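Here is what each chain is made of, one letter per residue.
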Number of protein chains: 4
Amino acid sequence: MFEIDPRSATPIYEQIIKKMKELCIKGVLKPGDKLPSVREMSSMIIANPNTVSKAYKELEREGLIETLRGRGTFVSKMVQKKLDEEKIEIIKEELRQIMIDAFYAGISFEQIYQWMKDMNNEFANAFHK
Amino acid sequence: MFEIDPRSATPIYEQIIKKMKELCIKGVLKPGDKLPSVREMSSMIIANPNTVSKAYKELEREGLIETLRGRGTFVSKMVQKKLDEEKIEIIKEELRQIMIDAFYAGISFEQIYQWMKDMNNEFANAFHK
Amino acid sequence: MFEIDPRSATPIYEQIIKKMKELCIKGVLKPGDKLPSVREMSSMIIANPNTVSKAYKELEREGLIETLRGRGTFVSKMVQKKLDEEKIEIIKEELRQIMIDAFYAGISFEQIYQWMKDMNNEFANAFHK
Amino acid sequence: MFEIDPRSATPIYEQIIKKMKELCIKGVLKPGDKLPSVREMSSMIIANPNTVSKAYKELEREGLIETLRGRGTFVSKMVQKKLDEEKIEIIKEELRQIMIDAFYAGISFEQIYQWMKDMNNEFANAFHK
DNA sequence: GTGGTCTAGACCACC
DNA sequence: GTGGTCTAGACCACA
């Protein structure tokens, strides 16, 4: 399904969240699709079940997935996209840091813009609606 | 000089690093400028000298500043800017995450691009050279 | 595991780094081996956990070890061994100083060469490959 | 005469000592030669007179130079070369560290040996007597 | 005055 | 359990 890097500085549960979001945005995972159970997932990516559970709980809290008692976990149909001012400020601040890091890494403005366009394509042009 | 948020999830020493980079890229701090001493800075931002020291050490490792024994710490000339493939991949991956988060926060592609242009201006058009 | 001299002029954290490198090069520590935890090591060598942590961090930065979140620290596979020009110059300069000091200490050229060969044997002929 | 690097991790006074020893061993400075005064030297290499003084004192303690009251400082005629067991052990230990660092930097055994021979030539074959 | 090292002890996130 | 961060306070070498 995807791979996680236990050596990475970002926590494993966060890596799972990110990967799941990516799969959803790319359309690999569609609304209504059933996710692997916590146990299945934990053996697939070689992680502690508690860690997977934590990721699923957070994804559920964010509304991306839903748990149906006894049936399993599914990709949620409702894509909320609430405009949370606080969240937007955080993202803007993160973007600022990326720009600064990119400058020090010698990356050009155009390169970043190109990457963004590529990613938008990759995401099936999820933006622009 | 700048402010630190001790409640933030990002460690104080990282906040210092980010702020310093920003001051440098904006031209507020110029090559050769003397930084506040570890003790001065620690009292300015109300943090432990060790925490400031950790930030300074990391900035030195990255080549942004240099310390002259017994004299203090100074903004370096930054001759490097070597293209580190690994670093570039990390930045690209971070950008990807930003894009994903932005999508879920309901931010438009154009909005992100506008922010990028604004930041480039703010950074005295450090890019493009 | 090894001993540290708290009276030595070389910092404890550097002594740890050196000893660990030596254990690795001698084959006592093999890739994948788990290192003592920071707390274990600190009680073993009677030093502060922070000091051990500093040594581990530096070893990780150099790529000799890697930490798996919440699981511990392990000897890494060491795929790198990239030829860093700057690093090589530093080593050459250090060698020059050794030669000068050896001359003033009355040590012969042959003696140094013999020591080098002995060490190479001790290191399981790590060189020459 | 020579240059010192205020950014280096090795103290300035030690850098001076090393450079002086190197000049002596290379034959640039010969027994009886007059050294620049502390003030001259400090302005030449842009360092604090106290720092130069500290270096001169240490060199005098080691017997490499001599101060004649009111006349100045001169390269000493007596090259002692006392076989100090403790000093020899220290040098051997330093050599061991160099070998370890060289291994991790990917430098070959032959390369080190070649450097040693080159340096010996540079030192006017000071060794081999 | 400067930064570098170390200790003791605390709290936290992650697994 | 693991390592990561932070504080308070100490001592030292260097310039």
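Before reading further, recall that the structure is shown in the block above.
What you see is a predicted model; the values in this text were computed from it and never measured.

Cut-offs and rules
Residues numbered from 1 in each chain as written. Chains lettered and ligands numbered in written order. Predicted model: local features only at pLDDT ≥ 70, side-chain atom pairs only at ≥ 80, totals over all residues. Heavy atoms only, no water. Least-squares fit on C-alpha atoms with pLDDT ≥ 70 in both. Contact = heavy atoms within 4.5 Å. Salt bridge = Lys/Arg side-chain N within 4 Å of Asp/Glu carboxyl O. Polar contact = N/O pair within 3.5 Å; in protein donor to acceptor, adjacent residues only side chain to side chain. Helix = DSSP H or I, 4+ residues; strand = E, 2+ residues; numbered from the N terminus. Nonpolar A, V, L, I, M, F, W, Y, C, P; charged D, E, K, R; others polar. Near = heavy atom within 4 Å. Buried < 20%, exposed > 50% of the residue type's maximum accessible area, 1.4 Å probe, protein only. Phe/Tyr/Trp six-rings, centres within 6.5 Å; stacked < 30°, edge-to-face > 60°. Lys NZ or Arg CZ within 6 Å of the ring centre and 35° of its normal. Expected span 1.5 Å × (residues − 1). Arc of directions from axis to C-beta.

**Student:** Now, about the relation of the copies chain B and chain A: what can you tell me, with residues and values included?
**Tutor:** With an RMSD of 0.5 Å, the fit of chain B onto chain A corresponds to turning through 178° and sliding 0.1 Å along the axis. Here the two chains are linked by the operation of a two-fold rotation axis. Both copies share a contact surface, since 98% of the interface residues of chain B are interface residues in chain A too.

**Student:** Tell me about the interface of chain B and chain A, residues and numbers included.
**Tutor:** On the side of chain A, 44 residues touch chain B, which itself brings 44 residues to the contact. The interface formed by chain B and chain A contains 6 salt bridges. E22 of chain B is the partner of R96 of chain A in a salt bridge, and the nearest nitrogen-oxygen pair spans 3.2 Å. On the surface where chain B and chain A come into contact, there are 6 residue pairs in polar contact (both at pLDDT 80 or more). Among the secondary structure elements, those contributing two or more residues to the side of chain B that touches chain A are helix 1 (12–26), helix 4 (85–104) and helix 5 (109–122) of chain B. Looking at the side of chain B that touches chain A element by element, the count peaks at 15 residues for helix 4 of chain B. In terms of residue class, the side of chain B that touches chain A is made up of 25 nonpolar, 5 polar and 14 charged.

**Student:** Describe the interface of chain D and chain B, with residues and values.
**Tutor:** Taken together, the contact between chain D and chain B spans 6 residues of the former and 4 residues of the latter. The interface formed by chain D and chain B holds 1 salt bridge in total. Here E66 of chain B makes a salt bridge to R7 of chain D, at a shortest N to O gap of 2.7 Å. Our enumeration of links across chain D and chain B arrives at 2 residue pairs in polar contact (both at pLDDT 80 or more). Of the residues contributing to the side of chain D that touches chain B, the split by class is 3 nonpolar, 2 polar and 1 charged.

**Student:** Got a sec to walk through the protein's contact with DNA strand E? Specific residues and values, please.
**Tutor:** Neighbouring DNA strand E are 25 residues; I12 of chain A together with I12, N48, N50 and T51 of chain C lie closest to it. When atoms of DNA strand E within 4 Å of the protein are sorted by moiety, sugar and phosphate together comprise 66%. Within the side chain of N48 of chain C, a nitrogen or oxygen atom sits 2.7 Å from a base nitrogen of DNA strand E. Listing elements by their share of the surface near DNA strand E, those giving two or more residues are helix 1 (12–26) and helix 3 (49–61) of chain A, helix 2 (38–44), helix 3 (49–61) and strand 2 (72–75) of chain B together with helix 1 (12–25) and helix 3 (49–61) of chain C. Along the lines of polarity and charge, the residues of the surface near DNA strand E split into 8 nonpolar, 11 polar and 6 charged.

**Student:** Give me the pattern of salt bridges: which residues, what numbers.
**Tutor:** Enumeration according to the criterion identifies 38 salt bridges over all chains in this entry. The salt bridge involving R96 of chain D is made with E122 of chain C; its shortest N-O contact spans 2.9 Å. Remark: E122 of chain C occurs in helix 5 (residues 109–122) and R96 of chain D occurs in helix 4 (residues 85–104); the pair is interchain, linking two chains. For R96 of chain D, a relative accessible area of 13% corresponds to the buried category. Three or more residues joined by partner-sharing salt bridges are found here, namely E22, K26 and E122 of chain A together with E93 and R96 of chain B.

**Student:** Give a description of the packing of aromatic side chains that names residues and reports values.
**Tutor:** Evaluated as defined, the whole model comprises 10 aromatic pairs over all chains. Residues F103 of chain C and Y104 of chain C carry aromatic rings whose centres are separated by 5.1 Å and whose planes lie at 70° to one another, so their mutual orientation is edge-to-face. Of the two residues, F103 of chain C and Y104 of chain C, neither departs from the other in class, the shared state being buried. Ring centres 4.2 Å apart and planes at 20° place the aromatic pair Y113 of chain C and Y113 of chain D in the stacked group. A residue pair is termed interchain when its members come from two chains, as with Y113 of chain C in helix 5 and Y113 of chain D in helix 5 (residues 109–122). Across from the ring centre of F74 of chain C, 6.0 Å away, lies the NZ or CZ of K34 of chain C, which sits over that ring. Above the face of the Y13 of chain D ring, K54 of chain D is positioned so that its terminal group lies 4.3 Å from the ring centre.

**Student:** For helix 3 of chain A, give the residues involved together with the corresponding values.
**Tutor:** Residues and elements named next belong to chain A. For helix 3, spanning 13 residues, the distance from its first C-alpha to its last is 18 Å, which sits close to the expected 18 Å at 1.5 Å a residue. Every buried residue of helix 3 is accounted for by V52, A55, Y56 and L59. Take helix 3 and look down its axis: the buried residues cluster within an arc of 100°, on one side only. Exposed residues pointing more than 90 degrees away from the buried face of helix 3 are listed as N50, K57 and R61. Where the residues of helix 3 are buried, they touch helix 1, helix 2 (38–44), strand 1 (65–68) and strand 2 (72–75). The opening residue of helix 3 is N48, an N-cap whose side-chain oxygen sits 2.9 Å from the backbone nitrogen of N50. G63 occupies a position one or two residues after helix 3 and carries a positive phi of about 90°.

**Student:** Lay out the environment of A9 of chain A in plain terms, naming residues and giving numbers.
**Tutor:** Residue and element names in this part refer to chain A. Among the structural elements, A9 can be located in the segment before helix 1. Judged by relative accessible area, which is 67%, A9 ranks as exposed. With 36 residues separating them along the chain, A9 and I45 place their C-alpha atoms 17 Å apart.

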